[in-house]
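# Results of the structural survey
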Amino acid sequence: MRLKSSIWVAAYLRRCQTEGVFGAIRRRGAEEAGAVLIKVARLDGTATLYMPAPQTVYDDERPFERVFVAATPQPVEEAAVEQRLAKETGFDPDVWIVEIEDRAGRHFLDLAK
C-alpha cells in the first residue's frame, strides 16, 4: 500500500528542510493518490521538472515506493517548466506541485533506473 500523497509530500519537504533546502507546496492535489510533480528551481532562471515514473519501472517487490523521472535530461528555462506544469494541471486537476529551490539542483528523490 502506498502512502497518501499528502503524507508523502509532508515527509519530502521535511527531508529537504533537514538538508537546508527550501521547498513549498505550490498546489495541493488529491489527498489520497494525487500525482506529485517536483520543480527544482536552480535560482539562475533554469529548472528541472521531476514527474512520476511510468508503472513499468516499478519494482514488483516494492510497488509502494514513489519513483520519479526527469522531464528533460538537463535543466531548462523556468518558463518551459511552467508551461508544462500548466498543461499537467489542465489535464489532471488532482496533481500536486512542489517547488524546491537549490542552486546545485539537489532533489532527494528516488529516480527510475
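Up top is the structure these notes are about.
Report on the accompanying structure. (Residues numbered from 1 in each chain as written. Predicted model: local features only at pLDDT ≥ 70, side-chain atom pairs only at ≥ 80, totals over all residues. Heavy atoms only, no water.)

## Some words on the overall build of the chain
A count of helical and extended segments in the chain gives two helices and six strands. Mapped in sequence order, the helices and strands of the chain form the string α-β-β-β-β-β-α-β. The C-alpha atoms of the chain give 13 Å as radius of gyration, which agrees with the globular expectation for 113 residues (13 Å, within 12%). For the chain, the spread of C-alpha atoms along the principal axes amounts to about 40 × 35 × 25 Å. Residues counted as buried form 37% of the 113 residues belonging to the chain. For the chain, long-range pairs separated by at least 24 residues make up 75% of all intrachain contacts whose partners lie at least 6 apart in sequence. In the chain, the 16 positive side-chain charges and the 18 negative ones have mean positions that sit 2 Å from each other. (Helix = DSSP H or I, 4+ residues; strand = E, 2+ residues; numbered from the N terminus. Rg over C-alpha atoms; globule rule 2.2 N^0.38 Å. Buried < 20%, exposed > 50% of the residue type's maximum accessible area, 1.4 Å probe, protein only. Contact = heavy atoms within 4.5 Å. Lys, Arg positive; Asp, Glu negative; His and termini not counted. Charge placed at Lys NZ, Arg CZ, Asp CG, Glu CD.)

## Remarks on the pattern of salt bridges
On inspection of all chains with the given rule, the structure shows nine salt bridges. Ionic contacts of the salt-bridge type, sharing partners, join the residues Arg26, Lys39, Glu78, Glu82 and Glu99 into one network. (Salt bridge = Lys/Arg side-chain N within 4 Å of Asp/Glu carboxyl O.)

## What about the nonpolar core?
Across soluble globular proteins, nonpolar side chains have a tendency to be buried as a group. Residues Trp8, Tyr12, Ile38, Val98 and Ile100 are the most contacted members of the largest nonpolar core, which totals 15 residues. Those elements that provide at least two residues to this core are α1 (5-18), β2 (36-41) and β6 (96-101). Ranked by residues supplied to this core, first place goes to α1 with five residues. Not counting residues up to four positions away in its chain, the partners in contact with tryptophan 8 are Val36, Ile38, Arg66, Phe68 and Leu109. In terms of nonpolar packing, the next biggest core, distinct from the first, is built from eight residues, Ala47, Leu49, Leu85 and Ile97 among them. (Core = buried A, V, L, I, M, F, W, Y, C linked by side-chain atoms within 4.5 Å.)

## Topic: the packing of aromatic side chains
All told, the structure shown has two aromatic pairs when counted by the stated rule. Judged by centre distance (5.1 Å) and plane angle (10°), the rings of tryptophan 8 and tyrosine 12 are stacked. With tryptophan 8 and tyrosine 12 both in helix α1 and four residues apart, the pair spans about one turn of that helix. Each member of the pair, tryptophan 8 as well as tyrosine 12, is classed as buried. Aromatic pair tryptophan 8 and phenylalanine 68: ring centres 5.5 Å apart, planes at 35°, arrangement tilted. Of this pair, tryptophan 8 sits in helix α1 while phenylalanine 68 sits in strand β4 (residues 68-70), and the two are 60 residues apart along the sequence. Residue classification places tryptophan 8 among the buried positions, given a relative accessible area of 15%. Three or more aromatic residues joined by ring pairs form one cluster here, namely Trp8, Tyr12 and Phe68. (Phe/Tyr/Trp six-rings, centres within 6.5 Å; stacked < 30°, edge-to-face > 60°.)

By themselves, these are just geometric observations and shouldn't be taken as functional.
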